[in-house]
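Structural characterization, general
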Amino acid sequence: MFCVPIIDVYHNGFWNYRDKLISKNKSRTFIYDAYQERNSSSIGLKSIFKSRPILPHGLHGIHVSDAAVIGHNVVIMQNVTIGSNTLSNTKNPGAPTIGDNVFFGANSTVIGKVYIGDNCRIGAGCCVFKDVPSNHTIVSGRGNIIPH
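Summarised in this report is the structure supplied together with it. Note that the structure is a prediction, hence the values are computed from the model and not measured. Counting from 1, residues in each chain are numbered in the order their sequence is written. In keeping with the predicted nature of the model, local features appear solely for residues at pLDDT of at least 70, side-chain atom pairs appear and are counted solely at 80 or more, and the whole-chain, interface and lining totals rest on all residues. Computation of side-chain values: all heavy atoms of the structure, hydrogens and water removed.

1. A word on the overall build of the chain
Heads up, the rule is: Note on conventions: DSSP H or I runs of at least 4 residues are helices, E runs of at least 2 residues are strands, and numbering of each starts at the N terminus. C-alpha atoms define the radius of gyration, and 2.2 Å times the number of residues to the power 0.38 defines the globule rule. Under the scheme applied here, a residue whose accessible area is under 20% of the maximum for its type counts as buried, over 50% as exposed, and between as partly exposed, the area being computed with a 1.4 Å probe on protein chains only. What makes two residues a contact is simply this: any of their non-hydrogen atoms within 4.5 Å. Every accessible area reported is derived by Shrake-Rupley at a probe size of 1.4 Å, with residue values counting cover from the shown protein chains alone. Charged-residue counts in this description rest on Lys and Arg as positive and Asp and Glu as negative, His and the chain ends being excluded. Just so you know, the charge point we use is NZ for Lys, CZ for Arg, CG for Asp and CD for Glu.
Scanning the chain for helices and strands turns up 3 helices and 14 strands. The C-alpha radius of gyration computed for the chain amounts to 15 Å, which stays within 12% of the reference 15 Å derived for 148 residues, consistent with globular compactness. Referenced to the eigenvectors of the C-alpha coordinate spread, the extents of the chain come out at roughly 45 × 35 × 25 Å. Within the chain, buried positions represent 42% of all 148 residues. The contacts in the chain between residues at least 6 apart in sequence include a share of 27% that link residues at least 24 apart. Working note: accessible area of the chain is about 7800 Å², and carbon and sulfur atoms make up 55% of it. Each charge class in the chain can be summarised by its mean position, and for the 14 positive and 8 negative side chains these summaries are 2 Å apart.

As structure tokens, then:
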């Protein structure tokens, strides 16, 4: 409970605290982990954000792998997973790279070493495990790709 005022008031928010840890080359701290646990989220310190993401519902349920790369102006709704595939004997081991101006609908998932191009929209509840070219929308659980 004490992690919220420490991060939100003293450090002026989660992203400022995260930037401070990264700039000082520190690893995760108890306060960082407690804040994320309170929000049921996990944002890896080694993940790269080219700009702060837009989180309309806050950090609630958001999971971003340590090796993920996230572009500029990315909107992430609640309960989104951007995760690594760490199983060596499977297709696409590695972490996702997300382009600029991408929108992630609620409960969407991107897993493995895939590239999501610029200006893409990932629909709610979609699971993406293959590359998506720029200017496309993914709909339905099977990941149908529709050009804009």
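2. Quick notes on the sheet that holds strand 7 (residues 97-98)
Definition in use: Two strands make a pair as long as DSSP finds a minimum of two bridges between them.
Strand order in the open sheet formed by 4 strands is 2-4-7-10, with parallel pairing between adjacent strands. On the outer flanks of this sheet lie strand 2 (48-49) and strand 10 (115-116), each paired with one strand and no other. With 2 bridges joining them, strand 4 (residues 69-70) and strand 7 adopt parallel strand pairing. Paired with Val69 across the two strands is Thr97, which belongs to strand 7.

3. With respect to helix 2 (residues 14-23)
Residues spaced three or four apart along an α-helix face the same direction, because each turn holds 3.6 residues. Let me state the cut-off plainly: Arc, as used here, means the arc of the directions from the helix axis to the C-beta atoms.
Taken together, the buried positions of helix 2 are occupied by Phe14, Trp15, Tyr17, Arg18 and Leu21. Summarising the axial view, the buried residues of helix 2 lie within an arc of 160 degrees, below the 170-degree limit, and thus occupy one face. On its buried face, helix 2 sits against helix 1 (3-10), helix 3 (30-38), strand 1 (42-43) and strand 2. One or two steps after helix 2, the chain reaches Asn25, where phi turns positive at roughly 55 degrees.

4. Focus on the packing of aromatic side chains
In plain terms, the rule: Any pair of Phe, Tyr and Trp rings, taking the six-membered ring for Trp, is counted once the centres come within 6.5 Å. Such a pair is stacked with planes under 30 degrees apart, edge-to-face with planes over 60 apart, and tilted for the rest.
Counted according to the given criterion, the structure contains 5 aromatic pairs. The interplanar angle of 85 degrees and the centroid separation of 5.1 Å between the aromatic rings of Phe14 and Trp15 together place this pair among those described as edge-to-face. Taken as a pair, Phe14 and Trp15 share a single burial class, namely buried. Plain terms: the ring middles of Trp15 and Phe49 are 5.1 Å apart, the flat faces sit at 70 degrees to each other, and that makes the pair edge-to-face. Taken together, the residues Trp15 in helix 2 and Phe49 in strand 2 connect sequence positions 34 residues apart. Look at Phe49 and you get buried, because its relative accessible area is 15%. Counting every residue linked through ring pairs, the aromatic cluster contains Phe14, Trp15, Tyr17, Tyr32, Tyr35 and Phe49.

5. Things to note about the environment of Ile48
Position of Ile48 among the secondary structure elements: in strand 2. The class for Ile48 is partly exposed, based on a relative accessible area of 46%. Residues Ile48 and Thr97 lie 49 residues apart in sequence; the distance between their C-alpha atoms is 9.4 Å. Among residues more than four places away in sequence, those in contact with Ile48 are Ala68, Val69 and Ile70.

In short, geometric facts, not functional conclusions.
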